Amino acid sequence: QKEVEQDPGPLSVPEGAIVSLNCTYSNSAFQYFMWYRQYSRKGPELLMYTYSSGNKEDGRFTAQVDKSSKYISLFIRDSQPSDSATYLCAMTPLEGTGFQKLVFGTGTRLLVSP
Amino acid sequence: NAGVTQTPKFRILKIGQSMTLQCTQDMNHNYMYWYRQDPGMGLKLIYYSVGAGITDKGEVPNGYNVSRSTTEDFPLRLELAAPSQTSVYFCASIPTGAHDNQPQHFGDGTRLSIL
């Protein structure tokens, strides 16, 4: 079993739809949870990070963590064609030294059609 | 501010050849990483460095070597290229500080094919 599971997609939605992207994980030590967006032929860029359980909102994006279920989600409201990209979840234990050793999901490819 | 710069962007190697993938960051970050990304496999950590002169193995270090003589540069070397090393390689860095939740800054990758 992989430490982090993520559906590879592709997930195709029409413009304006609400998108839900998800990851499950098996390591209960994970405390920081991140979502990266990766456009084709580019490096990942950080979208959002959350610490422990709860929700965090940033514009059209909402990150949700449910540690009891070992499940994290990224919601995108009013999706736009420019949101078409691969979304990677990543997570790490609380190291305490400032160093992160991230474990990544495989990424979900999202396609938003006009 | 260029961020994390990787060169070359593309390269084709023959089996058994060697090469160095370059990574430079101008943000004075102490922590730097090398990942490889294969289709359907996510990002796997090859090597990392917590500062100049200090490196350590990640999850998939076999066939690679690194050095960190300066804060800015973290080159990755393939000594004897093998087809299994065909991948996209990403370099990343984060700032040093008291907080664990600093985001990693990624370069745009080097696409390497070994034939």
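See above for the structure.
Presented here is a report on the structure given in the accompanying data block. (Residues numbered from 1 in each chain as written. Chains lettered and ligands numbered in written order. Predicted model: local features only at pLDDT ≥ 70, side-chain atom pairs only at ≥ 80, totals over all residues. Heavy atoms only, no water.)

1. Things to note about the overall build of chain A
When helices and strands are tallied, chain A shows zero helices and 11 strands. The secondary structure elements of chain A, listed N-terminal to C-terminal, are β-β-β-β-β-β-β-β-β-β-β. Taking 2.2 N^0.38 as the reference for a compact globule, 114 residues should give roughly 13 Å; the C-alpha atoms of chain A span a radius of gyration of 14 Å, in line with that estimate. Summarising its shape, the C-alpha atoms of chain A cover approximately 45 × 30 × 25 Å along the three principal directions. Taken across its 114 residues, chain A has 44% of its residues classed as buried. Approximately 5,300 Å² of chain A is accessible, and the part contributed by carbon and sulfur atoms is 48%. Side chains of chain A carry 11 positive and 11 negative charges; the gap between the two charge centres is 5 Å. (Helix = DSSP H or I, 4+ residues; strand = E, 2+ residues; numbered from the N terminus. Rg over C-alpha atoms; globule rule 2.2 N^0.38 Å. Buried < 20%, exposed > 50% of the residue type's maximum accessible area, 1.4 Å probe, protein only. Areas by Shrake-Rupley, 256 points an atom, 1.4 Å probe, with all protein chains shown as cover. Lys, Arg positive; Asp, Glu negative; His and termini not counted. Charge placed at Lys NZ, Arg CZ, Asp CG, Glu CD.)

2. Considerations on the nonpolar core
Grouped together as the largest cluster of nonpolar side chains are 25 residues, with contacts concentrated most on Val 4, Trp 35, Ile 72, Leu 74, Tyr 87 and Met 91 of chain A. Taken together, the elements giving at least two residues each to this core come down to strand E3 (19-25), strand E4 (30-38), strand E5 (45-51), strand E7 (61-66), strand E8 (71-76), strand E9 (85-93) and strand E11 (108-113) of chain A. One finds Ile 46, Tyr 47, Phe 74 and Leu 112 of chain B within the second-largest nonpolar core, a separate group that totals 19 residues. (Core = buried A, V, L, I, M, F, W, Y, C linked by side-chain atoms within 4.5 Å.)

3. Some remarks on the sheet that holds strand E1 (residues 4-7) of chain B
Residues and elements named next belong to chain B. The four strands lie next to each other as E1-E3-E8-E7, forming an open sheet whose pairing is antiparallel. Each edge of the open sheet is held by one strand with a lone partner, namely E1 and strand E7 (64-66). With direction set aside, neighbouring strand axes in the sheet form an average angle of 20°. Of the pairings in the sheet, the one linking strand E3 (residues 19-25) to strand E8 (residues 76-78) comprises three bridges and is antiparallel in character. Across the sheet, residue Leu 21 finds its bridge partner in E8, namely Leu 76. (Pairing = 2+ DSSP bridges. Axes fitted to C-alpha atoms, helices over the stretch in contact; angles between N-to-C directions.)

4. Side note on the sheet that holds E7 of chain A
All names here are of chain A. Pairing within the open sheet is antiparallel, and its five strands lie in the order E1-E3-E8-E7-E6. Edge positions in the open sheet fall to strand E1 (4-5) and strand E6 (54-58), since each of these has one partner strand only. Pairing between E6 and E7: five bridges, direction antiparallel. Residue Gly 54 lies in a different strand from E7, and its bridge partner there is Val 65.

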